[in-house]
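Chain by chain, the residues run as shown.
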Amino acid sequence: PAPAAARPAPSTGLGEPLSSIGRLMAERTTQSWTTVPHFFVTREVDGTALVALREKIGAKVEKNKGVKLTYTDLLTAIVARVLKQHPRMNASWIGNSIKANPDVKMGLAMAVNDGVVVAVVNRADAGDLGDIATQRRDLTERARTNKLTPADISGATFTISNLGMYHVDQFTAIIVPPQAGILAVGAMTDRVVPMPGALIPVGVKPMLTLTLSCDHRVVDGARGAAFLHDVVEAIQQAGKILA
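**Some words on the pairing of strand β6 (residues 158-162)**
- The buried count for β6 comes to 5 of 5 residues, which makes it a mostly enclosed element.
- Side chains Phe-158, Ile-160 and Asn-162 of β6 all project onto a buried face; the interleaved residues Thr-159 and Ser-161 project onto the opposite face, where all are buried too.
- In this sheet, β6 lies alongside strand β4 (residues 106-112) in parallel orientation, the contact comprising 3 bridges. Residue Leu-108 lies in a different strand from β6, and its bridge partner there is Ile-160.

Spelled out as structure tokens, the structure:
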């Protein structure tokens, strides 16, 4: 037999202990997945306008605010503005009824040790892109250093979860109760797509896939589809929407 020093430690049968945040996330996601009637709507969208807008104003934002403008910042601003036109998507399920939320409070899913939290970007539906980028950067830094405050993670009415930076093409996200929905954003990648009416019928475009998760108690399929359609339209007119 191997000498005692070389033998592996006997298994205790216990798994890796979770932090308090990890336990809370496990409980909340389990509750959401098992009690909230999810349904999912997916669309592909041409990100050409997003790329153009970021190239156009990114340097100015960095110069004025000292922060790099990301696609998440642009999507946060766009989705917040569309939510103003779709109040049911911005509503919450409280008790056994639908509660309308007077304000749009955009949540961003952020990784922390042993879990994920939803940090709140304020005034994303009307705020300057530089202010949105600054809030996102500050929240991200506090998340990385475990310095988020209760105010940072309270009151979101809708959430965006972006895994594009991890080269994920498409995914579905679990709703954060009592919110009515969450938008999962995949990576923007160049793809060959049809171009009807063009001299060459196919072309290469920067495409991304959006998957909307909805709480069917608050939002039916038609409402969810209409909201996602308007998000797609707004993304394709990003320069106009965020001018």
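**What about the packing of helix α2 (residues 48-65) against helix α4 (residues 129-144)?**
- Following both chains from N to C, one finds α2 and α4 inclined at 65°, their axes separated by 10 Å at the closest point. With respect to each other, α2 and α4 are oriented roughly perpendicular. Every pair of crossing elements has a handedness; the one defined by α2 and α4 is right-handed. Of the residues in α4, those touching α2 at Ile-57, Val-61 and Lys-65 are Leu-129, Gly-130, Asp-131, Thr-134 and Arg-137.
- Considering only residue class, the contact of α2 with α4 consists of 3 nonpolar, 2 polar and 3 charged.

**Topic: the side chain of Thr-159**
- Take Thr-159: it is sitting in strand β6.
- Within the structure, Thr-159 has its side chain in polar contact with the side chain of Gln-179 (distance 2.7 Å).
- Those residues in contact with Thr-159, other than ones at most four positions away along the chain, are Gly-107, Ala-109, Val-118, Val-176, Gln-179, Gly-181, Ile-182 and Leu-183.

The rules behind these values
- Residues numbered from 1 in each chain as written.
- Predicted model: local features only at pLDDT ≥ 70, side-chain atom pairs only at ≥ 80, totals over all residues.
- Heavy atoms only, no water.
- Buried < 20%, exposed > 50% of the residue type's maximum accessible area, 1.4 Å probe, protein only.
- Helix = DSSP H or I, 4+ residues; strand = E, 2+ residues; numbered from the N terminus.
- Pairing = 2+ DSSP bridges.
- Axes fitted to C-alpha atoms, helices over the stretch in contact; angles between N-to-C directions.
- Parallel < 35°, antiparallel > 145°, perpendicular 65-115°, else oblique.
- Left-handed = near helix turned anticlockwise from the far one by under 90°.
- Contact = heavy atoms within 4.5 Å.
- Nonpolar A, V, L, I, M, F, W, Y, C, P; charged D, E, K, R; others polar.
- Polar contact = N/O pair within 3.5 Å; in protein donor to acceptor, adjacent residues only side chain to side chain.

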